[in-house]
Amino acid sequence: MGKDVIVACDFSSKEAVLSFLDKFTDCKPFVKIGMELYYAEGPEIVREIKARGHKIFLDLKLHDIPNTVKKAMSVLRNLDVDITNLHAAGTTAMMKAALEGLTRPDGTRPLLIAVTQLTSTDQESMERDLMIHAPIDEVVMHYAETARNAGLDGIVCSPLESGKVHDRCGKDFLTVTPGVRFADGDVGDQKRVMTPAAAKAIGSDYIVVGRPITAAADPVAAYKRCVAEFCD
Ligand code: C5P
């Protein structure tokens, strides 16, 4: 898969997400479905959006013992999503088990990417609550390498980290990056942001964009602007 813009569909109901997607009459954006929508509507919402012709990143961030994650992934593989994810903190055994569960009998599987340290975790909370004392940038890179060595396809990271992750883990290791804003747009609650064009220049493979598209006066125009800046 090549460079693409993934629209974070952070809606709380089927009605809200489908009426948003109805606006896209001449294109089918790659859609991210997160916990809120999935827990509200269940797997049927994934099937319905897939049936409309969208690619799907199912963002459920699994983290449990290897056997449980393997079984959960073997259920998710039947939803025919394109990308799904887990926490690298579950360790190598969990990530390998997840890959096994996700792989269909014919050998195909969705792409599997890892969350490293959440961007809501900072150095202080990591040291205090998790008793991890290395510099947070090093921790993120170590998790990325551990994910790559377990056989995963990439990580979720800040676009600011994409270049470094590619240097350490190889250019084929995917970087999927939220925290994207237009140069003239609202930053909102995101702290470290980058424009789609800058994310392209630094080498992100996918950008995940939510409110700059979902809350825009003209979401289709905002989506197309993102695609023009990032993909073309
Ligand atoms: O609306 P906005 O563009 O900020 O949405 C970004 C999306 O990416 C949200 O779904 C958010 O949960 C997700 N995300 C993020 N930062 C991370 C991981 C995921 O913003 N570190």
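Each chain has its residues counted from 1, following the order in which its sequence is written. Since the coordinates come from a predicted model, pLDDT governs what is reported: local features require at least 70, and pairs of side-chain atoms require 80 or more to be given and counted, while whole-chain, interface and lining totals use all residues. With hydrogens and water stripped out, all remaining heavy atoms of the structure feed into the side-chain values.

Colleague: Mind laying out the packing of helix H4 (residues 66-76) against helix H5 (residues 91-102), listing which residues take part and the relevant values?
Modeller: For any two helices packed against each other, the geometry is given by the interaxial angle and the distance between the axes. Following both chains from N to C, one finds H4 and H5 inclined at 25°, their axes separated by 7 Å at the closest point. One finds that H4 runs roughly parallel with respect to H5. The two elements H4 and H5 meet at a crossing, and its hand is right-handed. Only Ala93, Met94, Ala97, Ala98, Glu100, Gly101 and Leu102 of H5 make contact with H4, whose side of the interface consists of Pro66, Val69, Lys70, Met73 and Ser74. Its residues placed into classes, the contact of H4 with H5 shows eight nonpolar, two polar and two charged. Axis definition: a line fit to C-alpha positions, over the contact stretch in the case of helices; interaxial angles, taken between N-to-C directions, run 0 to 180 degrees. Think of it this way: any DSSP run of H or I at least four residues long counts as a helix, any run of E at least two long counts as a strand, and we number them from the N terminus. Each angle is binned into one of four classes, with values under 35 degrees roughly parallel, values over 145 roughly antiparallel, values of 65 to 115 roughly perpendicular, and all other values oblique. Handedness of a crossing is defined here by the sense of rotation of the near helix relative to the far one, left-handed for an anticlockwise turn of less than a right angle and right-handed for a clockwise turn. Residues count as neighbours in contact if any of their non-hydrogen atoms are within 4.5 Å of one another. By the convention adopted, Pro, Cys, Tyr, Trp, Phe, Met, Ile, Leu, Val and Ala count as nonpolar, Lys, Arg, Asp and Glu as charged, and the other residues, Gly among them, as polar.

Colleague: Before we move on, could you go through the pairing of strand S7 (residues 174-177) and cite the residues and values that matter?
Modeller: Buried, partly exposed and exposed residues are distinguished by accessible area as a fraction of the type maximum, computed with a 1.4 Å probe on protein chains only: under 20%, between the cut-offs, and over 50%, respectively. The side-chain alternation of S7 yields two buried faces, one formed by Leu174 and Val176 and the other by Thr175 and Thr177. With three bridges joining them, strand S6 (residues 154-156) and S7 adopt parallel strand pairing. By the bridge assignment, Val156 is partnered in S7 with Val176. What joins S6 to S7 is helix H8 (residues 162-169), and the crossover it makes is right-handed. In terms of strand pairing, S7 meets strand S8 (residues 206-209) through two bridges, oriented parallel. Along S8, the bridge assignment pairs Val176 with Tyr206. Being paired, for any two strands, means DSSP has found at least two bridges between them. Handedness is read with the strands pointing away from the viewer; a crossover is right-handed when the path from the first strand over the helix to the second is clockwise.

Colleague: Outline the pattern of salt bridges, supporting the account with residue identities and numerical values.
Modeller: A pair can form between side chains of opposite charge whenever their charged atoms are brought close. Here, a salt bridge means any Lys or Arg side-chain nitrogen found within 4 Å of an Asp or Glu carboxyl oxygen. Evaluated as defined, the whole model comprises 19 salt bridges. Glu138 is the salt-bridge partner of Arg168, the closest N and O atoms lying 3.6 Å from each other. Pair noted here: Arg168 is in helix H8 and Glu138 is in helix H7 (residues 136-150), with a separation of 30 residues, a long-range link. Its relative accessible area of 30% is what places Arg168 among the partly exposed residues.

Colleague: Describe the site of the ligand, with residues and values.
Modeller: The nearness test applies per residue and asks whether one of its heavy atoms lies within 4 Å of the molecule or strand. As a structural note, the neighbourhood of the ligand is formed by Ala8, Asp10, Lys32, Thr119, Pro178, Arg181, Gln190, Val208, Val209, Gly210, Arg211 and Pro212. In protein, a polar contact requires one atom able to donate a hydrogen and another able to accept it; more generally it is a pair of N or O atoms within 3.5 Å, and residues adjacent in sequence count only if both atoms are side-chain atoms. At 2.9 Å, a side-chain N or O of Lys32 approaches an oxygen atom of the ligand. In this structure, Arg181 approaches the ligand through a side-chain N or O atom, which is 2.8 Å from an oxygen atom. Burial of the ligand by the surrounding chains reaches 80%, relative to a free accessible area of 470 Å². Among the secondary structure elements, those contributing two or more residues to the shell around the ligand are S8 and helix H10 (211-214). Among the residues making up the shell around the ligand, the classes are represented as five nonpolar, three polar and four charged. Under the convention used here, a 1.4 Å probe and the Shrake-Rupley method define accessible areas, while residue burial counts only the protein chains that appear.

Colleague: Account for the packing of aromatic side chains, with residues named and values stated.
Modeller: The rule is short: rings of Phe, Tyr and Trp, with Trp giving its six-membered ring, pair when the centres are within 6.5 Å, and they are stacked under 30 degrees, edge-to-face over 60, tilted in between. Within this structure, the stated rule accounts for five aromatic pairs. Judged by centre distance (5.6 Å) and plane angle (85°), the rings of Phe24 and Tyr223 are edge-to-face. Separated by 199 residues along the polypeptide, Phe24 in the loop between helix H1 (14-21) and strand S2 (30-34) and Tyr223 in helix H11 (residues 219-230) bring together distant segments of the chain. Residue Phe24 is classed as buried on the basis of its relative accessible area, which comes to 4%. Of the residues examined, Tyr223 reaches a relative accessible area of 7% and is grouped as buried. Relative to Tyr206, the ring of Phe30 has its centre 5.8 Å away and its plane inclined at 70°; by these criteria the two rings are edge-to-face. Remark: Tyr206 occurs in strand S8 and Phe30 occurs in strand S2; sequence separation between them is 176 residues. Taken as a pair, Phe30 and Tyr206 share a single burial class, namely buried. One aromatic cluster is present, formed by Phe11, Phe20, Phe24 and Tyr223 through successive ring pairs.

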